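Overview (structure and organization)
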Amino acid sequence: MKRKLEAAHTAVGEEESRETAKTNAGEIAGEEPMEDNSDEEVEEHLSGVEPIGDGDVCRALMDRYAQSSAKQHRHLCATAAAMKSILSEEGLPLTPPAYFAAAITALRDAVHADREGAAALSSFLAIVLPLVPPDSLPKAKAKDAAFVIASFLRDPSCRLSTGSLRSMVKSLGLASLRMDLDDWLAVHLPLETLLLFAVDKRPKVRRCAQSCLEMLLKNFHNSSITKKASKIVQIMHKKCIIPVKDTFSAELTDTVSKDTLSKHEQLEALHMLNVLNVILPYLSDKVKVKILSDTYKVLGFHSSWSTRHILRLLETQLEHSNQKVIHLEAENIMFALTSYISTAGKGHVDTIISASTLLKYVLKKVKDAFPSMWLTYLPPVFASLIGYLGSDSTNSKPVVDILKELISFHIHQCLFSVPTSQAGTYEMESVPEAAAIASICSVSVKLLNDCIFPTEHMLEVMSLLFLRLGRSSFFFMKEIMIRLSQFALNVNEGKHDMKHLEKCIGASIIAIGPEKLLALFPIAIDMQETNCSNSWIIPILKKYVVGASLQYFINNIVPLINSIKDACKKVKKDTVRKSLRSYFHDLWDLLPAFCRYPIDLAENFESLSMLLMVVLKDEASLQEISFEYIQMLVYSNREDNRHHVLDPQNFDMEFINFGYSKRTVSKNMKALSSRSMDFFQILKDIFLESAEKRGCIKDAIGSLAFIIPSECLRNFFCSSFKDVEQSSDIADTQSLDYHEQVENKKVGDSKEALEKHEESRSLLMELACSVVEAADTDLTNIILDYVRFSLSTTSEICQSEAYFTLSRILKEESYSSAQFNELMELLFTVKRPVDTNSLKNRFLCFNYLLVYILKNNVDDINTKAFLILNEIILTLKSKESRKLAYDTLLTVSVKLKTPHSGSPDSHLLLLFNMVMGYLSSSSPQIMSGAVSALSLLIYHDAAFCLSVPNLIPSVLILLQNKAIEVIKATLGFVKVLVSSLICGDLMSLLPEILQGILPWSSVSKNHFRSKVGIIMEILIRKCSLEAVQNLAPEKYRSFVKSIKEVMNVFSVL
């Protein structure tokens, strides 16, 4: 067999032999052999070779490579032919098992000096072995084959190219998997060989060996074999890890420079670390622990060339180690990681981030077993990492995330019961947690002192620290607050962004409360200098105060406000008075902030309400602030997602969760209710007297209505409505007198009285509208009666307010089915308004009613829905009010749309079908209005129109109509359709569209030809000229061609 192979490869040619001789000569001379990838192409196609017919691999290779001029292909074919010849001579079948046996025999007898022959043989083996059926290769034969391949690979004279070596390693891996894996004598040599090549300098060989090694270890199910295999890996690991320790020794003694250390040893150590990353999950627990111990010990040497790999291995070990192992080694791992983070230079940011991530992981894993471990390691790690926050570089962001996670997981205000000494300082000596926190805060202060202005990342971490420490941050972070205040006082707004600084100071306000902060930075007025100390903090307090004390505001802020008010009366200079007045308003502006979840509302509401009533009556400039105060108090005690007390932009909801217990809410609501009607009367009077403030007063009255006893509100509106109705007769009499007086030119008093009465009715309706959201059923019925009365009047302003109030009632859906029928009858028995505001509010009613009808499947659904659609579609034909109809239709379709809108019983589909019903109308005006409505609907949801049965054919058939406005509307629909749909959807509709629109290309009247031309341009652009021409009727193809020519001209221009 050996002679046959030699003869086959000699026939390949003398040129290759000369090249081989040159290569061998270079190797003997000591030159590093170059990585030869000449057989890479064969490797890439190994999986594509399939035996022909009865399994003749040789014929399959000949069919593929016989015509190739590449020398590796010729050698491969020669090898295959030699194998076939041998098998034929011995009368053996030409099957993959026979070829494999012949190849193994040839490999055993092969001469290593013949590189091309060995390369061809390795490729042939890699091709044949996967084709051998498992039952055709007994375990004993697989063992023999694996030994032959391993011996060949380990022979020092083996000088294969990279591709050939990879093929041989792959074959070894495949053969090893077919051995008896419970036989250590069989497994030992292949395992050692794969491990040896897993640290090879050639990447492709190394990756292949690592993959094969992983598969082999994964398939070990015998614990004894796993232990022995793990021992071999451990020995290899110890051998390779020595260069890392040598590097450290050299750094300590300065006896050897790092550059003089063996590069080969360093690379081998790195490759071994990578191997362990892959195979670690399959090693024995005992070896895992030993490797873990070696890993964190080596980490302490912080050699830059190996640190990244060591950290990656440590991460893998932690992921695959059980809780018990991590608990045993936690202290040592934490010490090694902390040492590295603390001593590594800033040039190793990526490895420091990796080490910090691992430290965070370990602390989280051992928290239950060692709850106090963070006290030792978090302060030094924090001190090392916080220095990276001095800039807003990309490296800072992962550091910020790590620090925030560490703070969030380990630091919280529950750590401290706030034991204070008589001096009011924290007893740090007696509480280990306090010492750790103090250390962290001390580092933060130093960082702030060393910087010109804090970065966003620094402030982000400190904000979280404030929030996690809560009230105790006043003791730990007082110096930080002082330093932040200095930045706020001296900020250069042109250079620095105050947003993040304000947010950090805001976090301190949330944490410690405004009382302590104002004790640290008191607000005081200097009457002589007419300035306010620490006024910079007022706008921040306004944004971030929450959960404060009303008593503090009454006892500390209000006296200061009163002193400013008194000073304003005494000063003579306008500029001074203006300055003091500004501070007066700024301080009053804090009241709504103190009303966000106040902690003592029930106890102090009486005092505050007396103060507020005086302000509402006597201080017109402070009324709007008072309105806001009322809303804050009410909504702080109600669970209503429509009214948010806390602005998400100012409050980080992840760490802030303010609210009241049910008992506290009950006490607060009782206190608020006791004075609610008094406030209502005051607000009502201001509402009637002050037109410019009515918008914000209505919001305050609306919130107040939730706490006013229902009976009080009902009595008020019943009495008020009755007075209006009684005065209505007088107004009508005056109206008649007015007409008589017109003839006599005496109009003044009667006209003025009539207008005043209409204004009163309108204001009362507006007042009623503001309480609709809080109204019970009885009050809603009272308001509805007044709405009916107002809609029957001729006053445009009363009708407008009545329609708007009705829309608010419909929005709340606070009516019965019987009332629904009455409301429908009311809307369509009163005369349609002509003024814009009334019409706008009437269509707002249609919006809510139509959605309610379609969603709730009310009785006689078609009649009621068509009543509304009739008016909407007719309004679409009106230039003045068309937009109202469009907006209503669009809003209704958006509310009806769901993920299942395309289903046969969907509400949106029902709306489409109803609108389509108008297409069969005999009135051109209604037909064109319906088409316009459909155009609007498909413009905002083009894809949905494809799921509406018969929609497009039903519209396109209207192009056969003779009414001009119908044709115009239909061509507009087609234009919207082709503009909105994608090419794929258009292609299926193209024949119908062309057949419908092209007949109108010959009609120039009413711009039909140009409209068709625009549609054709869109179709050609989307679907291509060829597609459009092929589907267009013959007589219109010249028109299509002319459109394309015009498009070409414009494209050139």
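Residues numbered from 1 in each chain as written. Predicted model: local features only at pLDDT ≥ 70, side-chain atom pairs only at ≥ 80, totals over all residues. Heavy atoms only, no water.

Going by what an unreviewed UniProt entry lists, the protein chain is known as Ribosomal RNA-processing protein 12-like conserved domain-containing protein and is assigned to Platanthera zijinensis.

1. Looking at the overall build of the protein chain
Looking only at helices and strands, one finds 50 helices and two strands in the protein chain. A total of 1053 residues make up the protein chain; the buried ones form 50% of that total. Put simply, 73% of the contacts in the protein chain that link residues at least 6 apart link residues at least 24 apart. Here the protein chain displays about 49,300 Å² of accessible surface, and carbon together with sulfur accounts for 52% of that area. (Helix = DSSP H or I, 4+ residues; strand = E, 2+ residues; numbered from the N terminus. Buried < 20%, exposed > 50% of the residue type's maximum accessible area, 1.4 Å probe, protein only. Contact = heavy atoms within 4.5 Å. Areas by Shrake-Rupley, 256 points an atom, 1.4 Å probe, with all protein chains shown as cover.)

2. Some words on a positive patch on the surface
Side chains of Lys227, Lys231, Lys286 and Lys290 sit close together on the surface and give a patch of like positive charge. Put simply, the parts of the chain that give the positive patch at least two residues each are α12 (223-253) and α14 (285-299). Relative to the elements of secondary structure, Lys286 occurs in helix α14. By relative accessible area, Lys286 is classed as exposed at 59%. (Patch = residues over 30% accessible without salt bridge, like charges linked within 9 Å, V, L, I, M, F, W, Y side chains within 5 Å. Salt bridge = Lys/Arg side-chain N within 4 Å of Asp/Glu carboxyl O. Lys, Arg positive; Asp, Glu negative; His and termini not counted. Charge placed at Lys NZ, Arg CZ, Asp CG, Glu CD.)

3. A closer look at the confidence of the model for the protein chain
When pLDDT is averaged along the protein chain, the result is 82; 84% of the residues meet or exceed 70. Predicted confidence for residues 255-260 stays below pLDDT 50, and this span has seven contacts to residues more than four positions away or in other chains. (pLDDT = per-residue confidence, 0-100.)

4. Notes on the packing of helix α7 (residues 115-128) against helix α9 (residues 162-177)
When two helices pack together, their arrangement is given by the angle between their axes and by how far apart the axes lie. Closest axis-to-axis distance for the α7/α9 pair is 8 Å, and the angle between their directions is 40°. Taken together, α7 and α9 sit at an angle that is classed as oblique. Handedness of the α7/α9 crossing: left-handed. Contact residues: Ala118, Ala119, Ser122, Ser123, Leu125 and Ala126 in α7; Ser164, Ser167, Met168 and Ser171 in α9. Taken together, the residues of the contact of α7 with α9 break down into five nonpolar, five polar and no charged. (Axes fitted to C-alpha atoms, helices over the stretch in contact; angles between N-to-C directions. Parallel < 35°, antiparallel > 145°, perpendicular 65-115°, else oblique. Left-handed = near helix turned anticlockwise from the far one by under 90°. Nonpolar A, V, L, I, M, F, W, Y, C, P; charged D, E, K, R; others polar.)

5. Observations concerning the packing of aromatic side chains
In this structure the tally under the stated criterion is 20 aromatic pairs. A ring pair is formed by Phe717 and Phe721, whose centres lie 5.7 Å apart and whose planes are at 40°; its orientation type is tilted. Residue Phe717 and its partner Phe721 are located together in helix α34 (residues 710-743), separated by four residues, close to a single helical turn. Taken as a pair, Phe717 and Phe721 share a single burial class, namely buried. Feature note: the residues Phe680, Phe716, Phe717, Phe721, Tyr786 and Phe789 constitute an aromatic cluster, connected by ring pairs. For Arg483, the ring lying beneath its charged end belongs to Phe487, and the centroid distance is 4.1 Å. (Phe/Tyr/Trp six-rings, centres within 6.5 Å; stacked < 30°, edge-to-face > 60°. Lys NZ or Arg CZ within 6 Å of the ring centre and 35° of its normal.)

6. Quick word on helix α28 (residues 574-588)
Residues lying three or four places apart along an α-helix face the same way, a consequence of the helix completing one turn every 3.6 residues. When the terminal C-alpha atoms of α28 are compared, their 21 Å separation across 15 residues agrees well with the 21 Å that a helix rising 1.5 Å per residue should span. Three or more residues of α28 are buried, namely Val576, Leu580, Tyr583, Phe584, Leu587 and Trp588. In an axial view of α28, the angular spread of the buried residues amounts to 135°, which keeps them on one side of the axis. Seen from the buried face of α28, the exposed residues on the opposite side, beyond 90 degrees, are Asp574, Thr575 and Lys578. (Expected span 1.5 Å × (residues − 1). Arc of directions from axis to C-beta.)

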